[in-house]
Structure formats: C-alpha cells, structure tokens
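Residue strings, one per chain:
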Amino acid sequence: MIASHNIRDEFEMIFGLPPTLVVRAPGRVNLIGEHTDYNDGFVLPIAIDRETYIAARRRADRLVRMVALDFGSEMSEMSLDAITRDDAHRWSNYLRGVALMLERRGRRLPGAEMAIRGNVPIGAGLSSSAALQVCAATAFRALGGFDLDGVTLARVCQKADNEFVGIQSGIMDQFISALARADHALLIDCRDLSYESVPLPRGATIVVCDTMKRRRLVDSEYNARRAECEQAARLLATQLGKPVRALRDVSPSELARCADALPPIVARRARHVVTENARVLDAAAAARRGDLAAFGALMDASHASLRDDYAVSCAELDAMVEIARQQSGCFGARLTGAGFGGCTVNLVEDGAVPTFVANVAQAYAARTGREPQIYPCRASAGAGELPPPSF
Ligand code: GLA
C-alpha cells in the first residue's frame, strides 16, 4: 500500500497546491475463466492488493496536466477540447482514451492536475493498464461530480482500450478493477454484465507467481485467437442449426457432436472456451461450498486446456505450474491472464504459504535461470476515493 499522504505531498510539490482528492484502483488476477470474456462467457477474477493511485485537483479551464511519478515525474498535457495521443508519454494514452470516451458519452469533464503512482507490476499480466484506466475514470467522475455506475465505467474504459489505445481486450480487467468486493471473487457474466460476488473459501491464500518472462506476441496471438473463436461460432451455428452469437451459446456436448466438422485447430480453440465456461461455473460452486480441492482441480484442468487446446502457455509458465503442483499444500495452479509469459495463480493452504514461496522461488530459478517474483495476495475492493487525511 502506498501511503496516501506521500502522493498528496508529491502532488503539492509539483502543482503548488494540495490535491482535493485521491482515488485508487486495483490490478487483478483471474482465478479461472481465461479467454472466455470475449466469447460472452464467464470469468472469476479477484482484485489484488496492488493498486494505482491518482491525486487530483480541478482546474478552471479545460487543460489536463498529468504527471507519472513512477516514470521520473514525466508530464503530459492535453486539452479536453482536442484529445489526441501522446506517444512520447505512452502511459498518458490510457488517461486520454478514458477522457475522450467519457466526453463522447456526454460527460463534460473539468480540466485537472493529476499525479499518478502505482505498485501494480507493469507488463506482468496483472492489469496495470486497466487499473490506470479505471483510476482515471474514477478521478474524472469525482472531479466532474457526475453519475456513472461501475458497469458503465468499466465499459467506457474497455472502449478506450479498444478504440483509443488500440488493444482488443475483453471486459474482465476493467470490470473487476471497478467492481471488486474485498475478500470475494466476482463471477461475471460477460454477455449481460451481471455479476455476483463469491466468498473465497477459508483456509487458503491466492499466490501469484511472476515468471519474469515478459509477454511476447500477445497482441497478435490474442487477436488470432479471437478470430478463431468467431470462426468456430459461425461454423457451429451451421452445424447445430441454431443461432450461435458466440461460443457461450455452445454446450460441451453440442461441441463434441460437431467437433469433427471443424478444422482441427478451430475445434481445439472452441473446446477450450466451451469447457472453460463450464469450469468457471463449477469453480464458483466449489468456492461457495468451501471445497478447496475441487476448486484447485478445476484450476489444474484450466491450465492443461490453455496449454494444449488454446496454445497460449510457454515453457516458463508450464515450469512454474509444474513446480507449484509438486509443493505440499498447493490445491491448484494455472497461468492467468492472456498468457505467453506473465504470471501464474496458485491456491495454497494458508500454513504452507511461506514454504511454498521459498521452494517455488528456488526451484524455478534453478530450472529457468530467472528470479521469479512471488506475491501472496489479498482480494481487495474495487476502485474508489480515499478518505481525506486524518491529520
Ligand atoms: C487479457 C484481456 C482480458 C482477457 C484475458 C484472457 O487480460 O485484457 O480481457 O481476455 O486476457 O482471459
């Protein structure tokens, strides 16, 4: 946690006056339901206790001055009347996109001064960019004094990603950052955007292991998978003789009946999505009844499916999962996020966490020559304003 008075002090040093508010938005780790969000399916993420903060103050004009404290206090400025990209300060495009989409939705934003700081690891697959977008939208909402519910806020941020930053992400990352509930996972239906918080089973800790393999090819491969899923949905509609808007509309038994009629790779991609949707619902049920073993087994099956059918794993992720599964007290382990590097998520018995962390770090470094980062996590609450300082 970053002490909020630090960011207030830093803001004042840069802008000459104290901020009127500080907002925060968390990164996320997905427990299960990978590559299902853009197939109108189900996901079960938590928000983690790593977050982005923005200290802000309104200006009387329409100028926004943004300072990234983690990037040598670089400053980027924009006029809200002509929002364009700033590729010399690429971090600022996340805020620019959000501002543009809010204005397009008819929210008139005030000019602002903003200082940004965060501790979500960047490029690790823990959604530091979604945290920044959701944090920016939360800051603009508070400064502008307008209404914007959490689901709409998440959609605005996703639109900013898709249309301004140019990344074809689904809704999961922004949704959980905006709407998470502490100590709970969120079961999200990515078709109608309804959601339900699911209490995390007692007795186990979520441990995130960063392989330190930075994700490569993620955009091109991500888009290729999306296209294969759309192709599968079109072919299955013909085969099944029913409307298939997305793979969400296909059951595992329907797919098994028609799989032979699809090109083999497309059939495997579809099998991952269709079985993963079923695993998410089973995992939510296992969590509700506190069944750690069943939950962990579903995580293991998810990893195998992502590796073998969806082909988004890599040697480092597979090594991390394999090593984790050899530790006592580990109920389940899988890659999390888009894949091709980044992190795994592990469900570990509370008492076994210190040994798990030490053993996995040692064995992974010995096997791959990379020093991993390992974070036991708490499920934190979604974005919001910090209370004013009490001193
Ligand atoms: C990235 C995207 C999400 C989701 C995951 C895969 O994190 O931003 O929308 O598609 O990959 O589950």
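The preceding data block contains the structure.
Described in the following lines is the structure provided in the data block. By convention here, each chain's residues receive numbers from 1 onward along its written sequence. Predicted model: local features are reported for residues with pLDDT of at least 70 only, side-chain atom pairs are reported and counted for 80 or more only, and whole-chain, interface and lining totals are derived from all residues. Side-chain numbers here rest on the full set of heavy atoms in the structure, without hydrogens or water.

1. Here's the deal with the packing of aromatic side chains
(1) Moving on: Aromatic rings from Phe, Tyr and Trp, with only the six-membered ring used for Trp, were paired whenever their centres fell within 6.5 Å, and each pair was classed as stacked if the ring planes differed by under 30 degrees, edge-to-face if by over 60, and tilted otherwise. Inspection of every chain in the model, using the stated rule, returns three aromatic pairs.
(2) Moving on: Measuring from ring centre to ring centre gives 5.2 Å for Tyr38 and Tyr222, while their planes differ by 65 degrees; the resulting arrangement is edge-to-face. Taken together, the positions of Tyr38 in the loop between strand 1 (21–32) and strand 2 (42–58) and Tyr222 in helix 6 (residues 218–240) put the pair 184 residues apart, joining distant regions of the chain. Here the two residues Tyr38 and Tyr222 agree in accessibility, since each one is buried.
(3) Moving on: On the basis of an interplanar angle of 75 degrees and a centroid distance of 5.4 Å, the ring pair of Phe175 and Tyr195 is categorised as edge-to-face. With Phe175 in helix 5 (residues 172–179) and Tyr195 in strand 7 (residues 195–199), the pair connects residues that are 20 residues apart, well separated along the chain.
(4) Moving on: Residue classification places Phe175 among the buried positions, given a relative accessible area of 0%.
(5) Moving on: Only protein chains enter the calculation, and the probe is 1.4 Å; a residue is then buried if its accessible area is under 20% of its type maximum, exposed if over 50%, and partly exposed in between. A relative accessible area of 40% means that Tyr195 is categorised as partly exposed. By definition, any uninterrupted DSSP run of H or I lasting at least four residues is a helix, any uninterrupted run of E lasting at least two residues is a strand, and each is numbered from the N terminus.

2. Here's the deal with the sheet that holds strand 8 (residues 204–210)
(1) Moving on: DSSP-based pairing: two strands are paired if at least 2 bridges between them are found. Ordered by their spatial adjacency, four strands build an open sheet running 9-10-8-11, and the pairing between neighbours is antiparallel. Edge positions in the sheet fall to strand 9 (330–335) and strand 11 (373–377), since each has one partner strand and no second. Pairs of neighbouring strands in the sheet enclose a mean axial angle of 20 degrees, with direction left out of account.
(2) Moving on: Relative to strand 10 (residues 343–349), strand 9 runs antiparallel, the two sharing five bridges. Its bridge partner lying in strand 10, Leu335 is registered against Thr344. Axis lines are fitted to C-alpha atoms, over the contacting stretch for helices. Their N-to-C directions set the angle, which ranges from 0 to 180 degrees.

3. A look at the site of the ligand
(1) Moving on: Being near a molecule or strand, for a residue, means having at least one of its heavy atoms within 4 Å of it. Close to the ligand lie Arg28, Glu34, His35, Asp37, Tyr38, Ser169, Gly170, Met172, Asp173, Tyr222, Gly337 and Ala338, which account for all nearby residues.
(2) Moving on: Here a polar contact means two N or O atoms within 3.5 Å. Within protein one must be a hydrogen donor candidate and the other an acceptor candidate, and residues neighboring in sequence count only if both atoms are side-chain atoms. Between an oxygen atom of the ligand and a side-chain N or O atom of Arg28, the distance comes to 3.0 Å.
(3) Moving on: With respect to the ligand, the backbone of Gly170 contributes an N or O atom lying 2.8 Å from an oxygen atom.
(4) Moving on: What sets the accessible areas is the Shrake-Rupley method with a 1.4 Å probe; for residues, cover comes only from the shown protein chains. Protein contacts shield 93% of the accessible area of the ligand, which totals 300 Å² for the unbound molecule.
(5) Moving on: Think of it as three bins: nonpolar holds Ala, Val, Leu, Ile, Met, Phe, Trp, Tyr, Cys and Pro, charged holds Asp, Glu, Lys and Arg, and polar takes everything else, Gly as well. The residue makeup of the shell around the ligand, split by class, is four nonpolar, four polar and four charged.
(6) Moving on: Note that the domain bounds reflect an automated or database-derived domain assignment. Here the shell around the ligand spans two domains, since at least three of its residues come from each of domain 1 (4–200) and domain 2 (205–377).

4. Some words on the packing of helix 6 against helix 8 (residues 264–288)
(1) Moving on: Between helix 6 and helix 8, the least distance of the axes is 9 Å, while the angle of their chain directions is 95 degrees. Viewed along their axes, helix 6 and helix 8 adopt a mutual orientation that is roughly perpendicular. Where helix 6 approaches helix 8, its residues Arg225, Glu228, Cys229, Gln231 and Ala232 are matched on the opposing element by Ile265, Val266, Arg269, Ala270 and Val273.
(2) Moving on: Residue composition of the contact of helix 6 with helix 8, grouped by class: six nonpolar, one polar and three charged. Reported orientations rely on four angle classes, namely roughly parallel under 35 degrees, roughly antiparallel over 145, roughly perpendicular from 65 to 115, and oblique for the rest. We call two residues in contact when some of their heavy atoms are within 4.5 Å.

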